[in-house]
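Summary of the model geometry
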Amino acid sequence: MDVVLDVMLLGQRRFHELSLRAQVVLRQLPLNLTMILVCGISVLSDTSDFADLGFVASQLLALALLGACAAVPWDRLPYWSFLVIPVLDFYPIALLRFSDNDLLPGLGLLAVFPVMWLAGSGYRPRGAVAFGTISTLLMVWIPHFLDGTANVSTLSSELLTPFTMLTVGVATSVSALSSSAQRRQIAELLDRSETRQQLLETIVDTVDVGVVVVDTAGEILLMNARQQELHRAALPDGADTAREPELLVFADGSDKLVPSERRPAARAVAGETITHELFRLGTGQRSRTVSVSARPFRDAGGEMMGSALAFSDVTDVVAAVRARDTFLAAMSHEFRTPLTSLLGYAELLHDDPSLSPAARSDTLVMARNARHLNKMVDDILAAATPGATETHQPSAMDLAQLARDAVDSASPDAARRDITIHLTADGELPVYGDRTGFVRLLDNLISNALKYSSDGTAVTLRTGREGRWAVFSVSDQGIGIPPEDLPRIFTRFQRSSAAVRSGIPGTGLGLALAREVAVRHGGDLECESELGVGSTFTLRLPLRIGAAERR
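Scoring rules and cut-offs
Per chain, the residues get numbers from 1 upward, laid out in the order the sequence is written. pLDDT decides what is reported in this predicted model: residues at 70 or higher carry local features, side-chain atom pairs at 80 or more are listed and counted, and totals for whole chains, interfaces and linings draw on all residues regardless. Only hydrogens and water are removed before side-chain values are computed, so all heavy atoms of the structure are retained for them. Secondary structure counts use DSSP, requiring at least four H or I residues in a row for a helix and at least two E residues in a row for a strand, with both numbered from the N terminus. Here, a salt bridge means any Lys or Arg side-chain nitrogen found within 4 Å of an Asp or Glu carboxyl oxygen. Exposed residues in this analysis have more than 50% of their type's maximum accessible area, buried residues have under 20%, and partly exposed residues fall in between, with area computed by a 1.4 Å probe over protein chains only. Strand pairing is assigned whenever DSSP identifies at least 2 bridges connecting the two strands. Helix span, as expected, comes to 1.5 Å for every residue beyond the first. At any given residue, the bend is defined as the angle formed between two axes, one fitted to the seven residues that end at that position and one fitted to the seven that begin there. Two N or O atoms form a polar contact when they lie within 3.5 Å of each other; inside protein one atom must be a possible hydrogen donor and the other a possible acceptor, and for residues adjacent in sequence the pair counts only when both atoms belong to side chains. We call two residues in contact when some of their heavy atoms are within 4.5 Å.

Notes on unusual backbone geometry
With phi around 50°, His276 is a residue other than glycine that occupies positive phi space. Here His276 lies in strand β4 (residues 274–281).

Things to note about the pattern of salt bridges
Scanning all chains against the criterion turns up 18 salt bridges. Residue Asp313 pairs with Arg226 through a salt bridge whose shortest N-O separation is 2.9 Å. With Asp313 in strand β6 (residues 304–313) and Arg226 in helix α9 (residues 225–233), this residue pair connects regions lying 87 residues apart in the sequence. Taking the relative accessible area as the measure of exposure, Asp313 reaches 22% and is therefore partly exposed. On the basis of relative accessible area, Arg226 is assigned to the buried category, the value being 18%. A salt bridge links Glu277 to Arg267; the shortest N-O distance between them is 2.8 Å. In this pair, Glu277 is assigned in strand β4 and Arg267 in helix α10 (residues 264–269), connecting sequence segments ten residues apart. Note on Glu277: relative accessible area 28%, which makes it partly exposed.

Details of the pairing of β6
Sheet analysis places strand β1 (residues 210–215) next to β6, joined by six bridges and oriented antiparallel. Residue pairing across strands places Val212 opposite Leu309, the latter belonging to β6. For strand β5 (residues 288–298) and β6, the ladder comprises nine bridges, and the chain directions are antiparallel. The partner of Arg298 across the bridge, within β6, is Met304. Taking the residues that link successive antiparallel strands as the turn, the β5-β6 hairpin has five residues, and the phi of Gly302 there is positive, at about 90°.

A closer look at helix α13 (residues 399–416)
The terminal C-alpha atoms of α13 lie 26 Å apart, and with 18 residues this matches the ideal 26 Å at 1.5 Å per residue to within 8%. The sharpest bend along α13 reaches about 45° and sits at Ala410, with the proline Pro412 one to four residues further on. Burial in α13 covers these residues: Leu399, Ala400, Leu402, Ala403, Ala406, Val407, Ala410 and Ala414. Between a side-chain oxygen at the N-terminus of α13 and the backbone nitrogen of Ala400 the separation is 3.1 Å; the capping residue is Asp398.

Examining the environment of Leu257
In this fold, Leu257 is placed in the loop between β3 (249–251) and α10. Taking the C-alpha atoms as reference points, Leu257 and Leu281, 24 residues apart in sequence, are found 9.8 Å from one another. With residues near it in sequence (within four places) discarded, Leu257 still touches Leu247, Leu248, Val249, Phe250 and Arg263.

In short, the description is geometric, and any link to function would need to be established separately.
What follows is the structure, given as structure tokens:
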């Protein structure tokens, strides 16, 4: 009964959440309450109704039906069985209307309760509406046949009540069918939503990336199995659980704990976007290095709802990179020391006056190959340690002077092959950046022009200004580059097919590294080439602000 009262008083419980027995009681209760109201009105207006056997019988029969609603275990019976109650409701309503002696006109409208119950049950709605209408018609006509007053006039005057019940039944039936369809659609949507939720959880638990979703208050909404493993790695020694500020989170390469406000979760809650930042979780053998990314997510109205964080375990990758760096540092020394000795002794031998011309020629070959091998080692080391040149202190310099210095360095090699280098320098070209990187860039372009040029040809260099750009170009009369190879000549370890066929040695790294230096300084490196005619490489770097304006 408490449940029934809660629903009637619009409490927390909903009608569809009740048992079938409670629903049947609630559907019958309005009729009984109305009939009790009729009793109260009779007490105040005409107590003679209580002497009428039909009046009393109607009240007792209505109460008996309410008792049956509460006593019968409808859940154990076929679903349609409870419809016997609204069918029987027409009997007490008919008795009440017949015995009232017109004290309360309109009692026939009480038929609206069983009619709405039948039409709204959803069980054979057309038959239910027809049965309710016919039952109402019989309820208002039969008394006229019993008391001998049945004629066309009296019977036609009673048609309003059954017609009203017909319209009420049709409206209730349509509403019930529409509501039933909506409930089915909602149920289907809920099923799909639950299926998608389960699919999402399965996918999130399957991926080898830690995923955690937090709301704007920092509360965890979702954490997959992989993230739980990483979370355990960050726990203090001996702890089974810990709050986020107590977790052992270090910046990569540091032994100092990251402050709470700079940790990934706190930054994500603040709405910050994080992209592949490295952190170390925990200490000792179980510590893990993770790459963290975070993105905020918003609702349909654009309001921030929280953030999603992804933790990628890169422990093995970082260890491999560090091992590589250690190896390269050692190999740099091991390679450079003997190469420097070879080159130095070859140059000393070349200057020995006692050597024959043939021997002196051999020393030139030795020196040239030593220099070439040294350049290859430099390129490989530079490619294997990206950003190494960024450690140099940026400074102001003159690109035109760097070009002149590069020509001086390349002149001996050009002279040995009878290649002429022409340099046209158009005044000072102030630029700002990494001097070491610029020197390597210019040396690479000039050495490539010499390497792919035939003996006795010419290499032309030009420097100048184009708007806000300092421009340096190198043109050769070499083998050229096929059109299909041009799009990939700045890709690491890629060489043109013409260079491969010519047998000229190389790693395919020089141009890639040169362009990386240009792009890193806000410039670019382009190439125009024609097979068998030659190539032109054009470098553009931003002019130094202030110096360019004084021009």
